[in-house]
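# Structural features, examined
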Amino acid sequence: MDIHITRLRLRGYHGVMPQERIVGADFLITLQATVEVDEQSIEQDALLGTVSYADIVEVIKQEMDTPSNLLENLAMRIGRHLLRDFSRIKYLTLQVEKENPPIGVIAEGIGVSITLSR
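Residues numbered from 1 in each chain as written. Predicted model: local features only at pLDDT ≥ 70, side-chain atom pairs only at ≥ 80, totals over all residues. Heavy atoms only, no water.

## Notes on the pairing of strand E2 (residues 25–35)
The two faces of a sheet get side chains in turn, since along a regular strand they alternate between them. Pairing between strand E1 (residues 2–12) and E2: nine bridges, direction antiparallel. When the sheet's bridge partners are listed, Arg11 is paired in E2 with Asp26. Looking at chain direction, E2 and strand E3 (residues 89–99) are connected through nine bridges and run antiparallel. The partner of Gln32 across the bridge, within E3, is Thr93. (Pairing = 2+ DSSP bridges. Helix = DSSP H or I, 4+ residues; strand = E, 2+ residues; numbered from the N terminus.)

## Some words on a nonpolar patch on the surface
Together, Ile103, Val105 and Ile110 give the surface a local cluster of nonpolar side chains, amounting to about 260 Å² of exposed area. Tracing the chain through its elements places Ile110 in strand E4 (residues 109–117). Residue class for Ile110 comes out partly exposed when judged on its relative accessible area of 39%. (Patch = residues over 30% accessible without salt bridge, like charges linked within 9 Å, V, L, I, M, F, W, Y side chains within 5 Å. Areas by Shrake-Rupley, 256 points an atom, 1.4 Å probe, with all protein chains shown as cover. Salt bridge = Lys/Arg side-chain N within 4 Å of Asp/Glu carboxyl O. Buried < 20%, exposed > 50% of the residue type's maximum accessible area, 1.4 Å probe, protein only.)

## Quick word on the pattern of salt bridges
Under the definition given, this model contains seven salt bridges. Between Arg9 and Glu99 there is a salt bridge, with its nearest N and O atoms 2.4 Å apart. You can see Arg9 sitting in strand E1 and its partner Glu99 sitting in strand E3, a full 90 residues away along the chain.

And the structure:
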């Protein structure tokens, strides 16, 4: 089974340029995680048999609070933290996108994607 979190919007202070650490930016996080589920628990409507997307969001929020120069570093930290904390997650693809990046041209967003597995 896959869990999807699409375009979670969070404020962060990530980037190489000094003003990015002061002003901050909005980031969009998209996650697809393949989760090993306990079918009996799912049939009984019990959260114990899967992974709570609310708990996943809390991990993402924690990692967003620690500034990174590189989006690649941020994505890797989030992905590794999720695999470490949730043994039911077997595979994940994570996209981190910075809205309106300060790069001297108009772009809706710039981002990175990472895929990790056990």
